[in-house]
Amino acid sequence: MRVTPCQAALAAAIALNLLLLLCTRLAPGASPRCHPRPVPVASPGVTVILRDFDGPDHDVAATARSFSSLPGVTVLVVAEVSPYPPVPLPAGVAVLSLRPQPHRPPPRPELAVLTQHVALVPDGARAVPGLLRRMRDALENGDTKVVAAAVGRQRPRCLDLEVDVKAWTARYGQSDHRSDHRSDRSDRCGALDGAPAVLLLRTRDLFSLPFPLSRPVVTSLSLQAAARGWHLLLLPDSFPLSPRPPLSPHQQWKAENSQSRHHRALLEQLGIKLELLPDGTERWHGCTKDTPRCFGSILAQTPEYLLAGRWTPPCCLRALRATARHVLAQLEAAGVRHWLEGGSLLGAVRSGDIIPWDYDVDVGLYRDDVPKCRWLAAAAATGRPVEDARGFVWEKAAEGDFFRVHFSRSNRLHVDLWPFYSRGRGVMTKDTWLGHRQDVEFPERFLVPLGSVPFAGLSARAPNDPRTFLEFKFGAGVVEKPEYPNPGVRRLAQDV
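Here the residue numbers are simple positions, counted from 1 along each chain's written sequence. Reporting of local features is limited, given that this is a predicted model, to residues whose pLDDT is at least 70; pairs of side-chain atoms are given and counted only at 80 or more, and all residues count toward the totals for whole chains, interfaces and linings. For side-chain calculations, the full set of non-hydrogen atoms in the structure is used, while hydrogens and water are omitted.

1. Describing the sheet that holds strand β13 (residues 282-284)
Link 1 in the chain: One open sheet accounts for five strands, arranged β9-β6-β7-β12-β13; its pairing is mixed. In this open sheet, the two strands that pair with only one neighbour each are β9 (191-193) and β13. Between one strand axis and the next, the sheet turns by 25 degrees as a mean value, whatever way the strands run.
Link 2 in the chain: When DSSP finds at least two bridges between two strands, those strands are taken to pair. A run of H or I in DSSP becomes a helix once it reaches four residues, and a run of E becomes a strand once it reaches two; helices and strands are each numbered from the N terminus. Sheet analysis places strand β12 (residues 274-276) next to β13, joined by three bridges and oriented antiparallel. Looking at β13, one finds that Leu-276 is bridged to Glu-282.
Link 3 in the chain: We call two residues contacting when some pair of their heavy atoms lies within 4.5 Å. Fitted lines through C-alpha atoms serve as axes, helices being fitted only where they are in contact, and the angles separating the N-to-C directions of these axes extend from 0 to 180 degrees. Together, β6 (157-164), β7 (169-174) and β9 form the strand contacts of helix α6 (residues 217-227), whose direction differs from that of β6 by roughly 50 degrees.

2. A few points about the state of the cysteines
Link 1 in the chain: Two cysteine sulfur atoms form a disulfide, by the criterion used here, when they sit within 2.5 Å. Summed over the entire model, instances satisfying the criterion amount to one disulfide.
Link 2 in the chain: The disulfide that involves Cys-158 links it to Cys-189, with 1.9 Å between the sulfurs. Every disulfide takes its handedness from the sign of the S-S torsion; for Cys-158 and Cys-189 that torsion is -125 degrees, giving left-handed. With Cys-158 in strand β6 and Cys-189 in strand β8 (residues 187-189), the pair connects residues that are 31 residues apart, well separated along the chain. Of the two residues examined, Cys-158 and Cys-189, each falls in the buried class.
Link 3 in the chain: Cys-316 carries a free sulfur, and the closest cysteine sulfur to it, the one in Cys-294, is 3.7 Å from it. Throughout, exposure labels follow a simple rule: accessible area from a 1.4 Å probe, protein chains only, divided by the maximum for the residue type, with under 20% read as buried, over 50% as exposed, and the rest as partly exposed.

3. Quick look at the layout of surface pockets
Any empty space left between the atoms is revealed when a probe the size of a water molecule rolls over them.
Link 1 in the chain: Size it by volume and the second largest pocket reaches roughly 720 Å³.
Link 2 in the chain: As for the second largest pocket, its lining consists of 33 residues, of which Gln-301, Tyr-359, Asp-360, His-436 and Pro-485 are closest to the centre.
Link 3 in the chain: Those elements giving two or more residues to the lining of the second largest pocket turn out to be α10 (342-351), β18 (403-406) and β19 (414-422).
Link 4 in the chain: Each residue is assigned to one class: nonpolar for Ala, Val, Leu, Ile, Met, Phe, Trp, Tyr, Cys and Pro, charged for Asp, Glu, Lys and Arg, and polar for all the others, Gly among them. Residue composition of the lining of the second largest pocket, grouped by class: 14 nonpolar, seven polar and 12 charged. Method remark: on a 1 Å grid restricted to protein atoms, a set of points is classed as a cavity if a 1.4 Å probe fits but cannot get out and as a pocket if it is open with protein on both sides within 12 Å along at least five of seven lines; lining residues have an atom within 4 Å of a point. Grid points are joined across faces, edges and corners, and a volume is the space filled by probe spheres set on the points.

4. Overview of the pattern of salt bridges
Link 1 in the chain: Every case where a carboxyl oxygen of Asp or Glu lies within 4 Å of a side-chain nitrogen of Lys or Arg is listed as a salt bridge. Scanning all chains against the criterion turns up 33 salt bridges.
Link 2 in the chain: Residue Arg-155 is joined to Asp-187 by a salt bridge in which the shortest nitrogen-to-oxygen separation is 3.3 Å. Of this pair, Arg-155 sits in the loop between β5 (146-151) and β6 while Asp-187 is found in strand β8, placing the two residues 32 residues apart along the sequence.
Link 3 in the chain: The shortest N-O distance in the salt bridge between Lys-430 and Asp-439 comes to 3.2 Å. Across the pair, exposure class does not vary: Lys-430 and Asp-439 are buried alike.
Link 4 in the chain: Taken together, the shared-partner salt bridges connect Glu-140, Lys-145, Arg-202 and Asp-205 into one network.

5. Some points on the environment of Ser-452
Link 1 in the chain: Looking at the secondary structure, you find Ser-452 in strand β22 (residues 451-455).
Link 2 in the chain: For the pair Ser-452 and Ala-348, spaced 104 residues apart in sequence, the C-alpha separation works out to 9.9 Å.
Link 3 in the chain: Setting aside chain neighbours within four positions, we find Ser-452 in contact with Ser-459, Ala-460, Arg-461 and Ala-462.

6. Remarks on helix α12 (residues 466-474)
Link 1 in the chain: Buried residues of α12: Pro-466, Phe-469, Leu-470, Lys-473 and Phe-474, and no others. Viewed along the axis of α12, the buried residues span an arc of 110 degrees, placing them on a single side of the element.
Link 2 in the chain: Backbone geometry just after α12 places Gly-475 at a positive phi near 110 degrees. Read the arc as the range of directions from the helix axis to the C-beta atoms.

7. Some points on the packing of α10 against α12
Link 1 in the chain: Where α10 meets α12, the axes come as close as 10 Å, and the angle between the chain directions of the two elements is 140 degrees. In terms of their interaxial angle, α10 and α12 are classed as oblique. Considering how the two elements wind past one another, α10 and α12 form a crossing that is left-handed. Side by side, α10 and α12 meet where Gly-342, Gly-343, Leu-345, Leu-346 and Val-349 of the first sit next to Pro-466, Phe-469, Leu-470 and Phe-474 of the second.
Link 2 in the chain: Counted by class, the contact of α10 with α12 contains seven nonpolar, two polar and no charged residues. Here the angle decides the label: under 35 degrees means roughly parallel, over 145 means roughly antiparallel, 65 to 115 means roughly perpendicular, and every other value means oblique. Should the near helix be turned anticlockwise from the far one by less than a right angle, the crossing is left-handed, and should it be turned clockwise, the crossing is right-handed.

8. Quick word on unusual backbone geometry
Link 1 in the chain: With an omega of -5 degrees, the peptide bond running from Tyr-84 to Pro-85 counts as cis.
Link 2 in the chain: Looking at the secondary structure, you find Pro-85 in the loop between β2 (73-79) and β3 (94-97).
Link 3 in the chain: Between Arg-215 and the following residue, Pro-216, the backbone shows a cis peptide bond with an omega angle of -10 degrees.
Link 4 in the chain: For Pro-216, the position within the fold is in the loop between α5 (203-206) and α6.
Link 5 in the chain: Notably, Trp-168 is not glycine yet its phi reads approximately 60 degrees, a positive angle.
Link 6 in the chain: Residue placement: Trp-168 occurs in the loop between β6 and β7.
Link 7 in the chain: Residue Trp-168 is classed as buried on the basis of its relative accessible area of 12%.

9. Examining the pairing of strand β15 (residues 361-366)
Link 1 in the chain: Along β15, six of the six residues are buried, which leaves the element largely enclosed by surrounding structure.
Link 2 in the chain: Bridge count between strand β14 (residues 338-340) and β15: three bridges; the pairing is antiparallel. Across the sheet, residue Trp-339 finds its bridge partner in β15, namely Gly-364.
Link 3 in the chain: Relative to β19, β15 is paired through six bridges, and the arrangement is parallel. Residue pairing across strands places Tyr-366 opposite Phe-420, the latter belonging to β19.

10. A word on the confidence of the model for the protein chain
Link 1 in the chain: Per-residue confidence from the predictor is given as pLDDT, running between 0 and 100. Taken as a whole, the protein chain shows an average pLDDT of 90; of its residues, 90% reach a score of 70 or greater.
Link 2 in the chain: Of the regions scoring below 50 in pLDDT, residues 20-40 engages in three contacts with residues more than four places distant in sequence or in other chains.
Link 3 in the chain: Within the model, pLDDT remains below 50 along residues 179-184, and this stretch shows 13 contacts once partners closer than five positions in the same chain are excluded.

11. As for empty space enclosed by the protein
Link 1 in the chain: What the rule picks out here adds up to one cavity of 30 Å³ or more.
Link 2 in the chain: Taken as a whole, the largest cavity holds about 40 Å³ of empty space.
Link 3 in the chain: Lining of the largest cavity is provided by Glu-341, Asp-362, Trp-418, Phe-420, Lys-430, Gln-438, Asp-439 and Lys-473.
Link 4 in the chain: Considered class by class, the residues forming the lining of the largest cavity number two nonpolar, one polar and five charged.

In structure tokens, the structure reads:
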């Protein structure tokens, strides 16, 4: 049968409509187009992101106007919520709110940046023709991930930075590295400090970070870059800084308070508990006597931070040392015969300190000597916690016949006190066994006489042959072969 052109056209139209109907059936609510929309290809320009500002005393409108006048530059204002009062932004400048709203889709800042490069610009900076392009050339022609340029007449201080994720610590130091990529004034830095700066990097690198737009921007990018082994290349060029009238005392207080608040929130977000500054001072961001400890209940002898590949937060180690020193001093003053036990003795023999992943301190004592210590005697007699003059809390443990001394009522970091007694024939035992490897009876000859070992900054009582004592409890080679308390859950080899 011969098919006429009209019949062929009609058949094709019917087939097309059937195909569209099939697509609609297979994807309800979707567009009749069965193929996905093509993913936009990043353009070669630069997106300027204005992130570090606080209202209402900011300069966002003028900063946005300055940079949006550059060819090939898109400006995006990013904040938790839209600036209030409303900012008269130039045409084409968009505002992106990061705070999720129940009636809107979740914010996706990576979808709002359609260029290959992004520049994070501080409030008050002014554009310089060609400088963003020079920064981009330095990025693409070098081995760095981030290029920086100062804002204003003061050049930022170039620092070394090491982020020890396992130890929850950021270590800053003076940097003397120079880059061969540009002039002698180009610096390779781990971090910048002391003056504002523009940071330029590839868009894909920025949004590969877990917290790409956290504030303060320079600190946030420096810490996350250091954790990945990236460095910042600080160019000799600079952007002008808009002159602004001096801040009033109240405005200065607000600015410093806001900066401190953002800094604390950032380090909490990144899991940094201790900053070691270039001048040797320490800045702590972890728990204190007035806050809960940094981790929850311990299950299977494995704290939750070990499962994340981290060791004990340094603030917790500091609190444990303080509690141990206090308890040992109280026992010594009261004439209580005591000694380091278990993992605490193991840490003392290995390094003179608490094991870096340990979460408590263990001390053995003679059960007959408990009444000699007023705090232990009070806790044993009343069954209730007793707070001493320095805020440490002594109590009888709920898990069995032993005692605990807590760092404070709020912070339950603790020292466990295990009462031992002679079972006859010179064998020491105790009433409570919790299934730990150190829960074994041992000859009393290890305690007669007692010896001593360095521990947490003092000389602590210990068995007279600590190495043999530890091998008796844990097995041969335990001092030289460190391992987590429960290797069946996680092994040390996974983290070293």
